[in-house]
Amino acid sequence: MLSEHFDLSEFTCKCSKHCTATPDKELIDKLEKLHNMLDAKSIIITSGYRCPEHSASPEVGGTVNDAHTRNIAADIIAYKQDNTQYDAETIAEAAELVGFTGIGIITAYAVHVDVRNKTNYVNDHWYGNERTGNDYIKTFIRGTKFVPRGTKTKMKVTIEYDDHTFSGLLEED
Ligand SMILES: [Zn+2]
Ligand SMILES: [Zn+2]
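Residues numbered from 1 in each chain as written. Chains lettered and ligands numbered in written order. Predicted model: local features only at pLDDT ≥ 70, side-chain atom pairs only at ≥ 80, totals over all residues.

## Notes on the sheet that holds strand β4 (residues 111–114)
The condition is simple: Two strands make a pair as long as DSSP finds a minimum of two bridges between them. Labels follow the DSSP assignment, with helices taken as runs of H or I lasting at least four residues and strands as runs of E lasting at least two, numbered in each case from the N terminus. Only the contacting stretch of a helix is used when fitting its axis, a line to C-alpha atoms as for every element, and angles between N-to-C directions run 0 to 180 degrees.
Judged by pairing direction, the sheet is mixed, and its 5 strands sit side by side in the order β1-β2-β4-β3-β5 without closing on themselves. Single-partner strands in this sheet number two, and they are β1 (42–47) and β5 (126–129). Recorded for the sheet is a direction-independent mean angle of 25° between the axes of neighbouring strands. Two elements, strand β3 (residues 102–105) and β5, share 4 bridges in a ladder whose sense is parallel. By the bridge assignment, isoleucine 103 is partnered in β5 with tyrosine 127.

This is the structure we're talking about:
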């Protein structure tokens, strides 16, 4: 495992050669922070590393210099604890809060995130929406109140019933 929730196999190139390359450590660190911020049940990497040939293929339609070819990007979808999906706007908002420098909405549920900077890429910032073609989004922040994992209030509850005592922790929704 690369980290608590992510494995190298999830980042393998989707071409016929299944190329692998180690993702940037900052990418994995921020994906873990995003996982925590969303209190996600899971974050699925739908596309991680892309070799230059696969990136430029008609199927992908990217460029040989795409952030995915530099191991700094992931396309993701995220599941809530109740197994429904987070919408792309919420994922993008949380991604901005944890400090991703490249964020792009792809579909209603899928988001591109990357950790671009002037050393590893041609620019150090991009917030966009591939659905609308808007490449100049200032912020995805709309005031959603995130409750990161580990910060939820817990309450110990004890119930007496039929000469038995039951107790346990209730966690805030
Ligand atoms: Zn490949
Ligand atoms: Zn992408």
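So that's the structure; there's more coming.
## Overview of the nonpolar core
In summary, soluble globular proteins display a tendency toward joint burial of nonpolar side chains. What counts, and what does not: In this description, a nonpolar core means buried residues of the types Ala, Val, Leu, Ile, Met, Phe, Trp, Tyr and Cys, linked to one another by C-beta atoms lying within 7 Å. The burial label depends on the number of other C-beta atoms within 10 Å of a residue's C-beta. Counts of 20 or more mean buried, 12 or fewer mean exposed, and intermediate counts mean partly exposed, with C-beta atoms placed from the backbone. Remark: residues whose backbone-derived C-beta atoms lie within 7 Å of one another are considered to be in contact.
Core analysis: the biggest nonpolar cluster contains 30 residues, and Ile76, Ile91, Ala92, Ala95, Ile103, Val111 and Val113 have the highest contact counts within it. When contributions to this core are tallied by element, the ones reaching two or more residues are α1 (25–38), β2 (73–79), α3 (88–98), β3 and β4. Apart from residues lying up to four places away in sequence, alanine 95 is in contact with Leu34, Phe100, Ile103, Val111 and Val113.

## What to know about the pairing of strand β7 (residues 164–171)
By the criterion of burial, β7 is predominantly exposed, with just 0 of the 8 residues buried. Across 8 bridges, strand β6 (residues 154–161) lies against β7 in antiparallel orientation. Bridge pairing in β7 places lysine 156 opposite leucine 169. Counted between consecutive antiparallel strands, the loop separating β6 from β7 contains 2 residues, among which aspartate 162 sits at a positive phi close to 55°.

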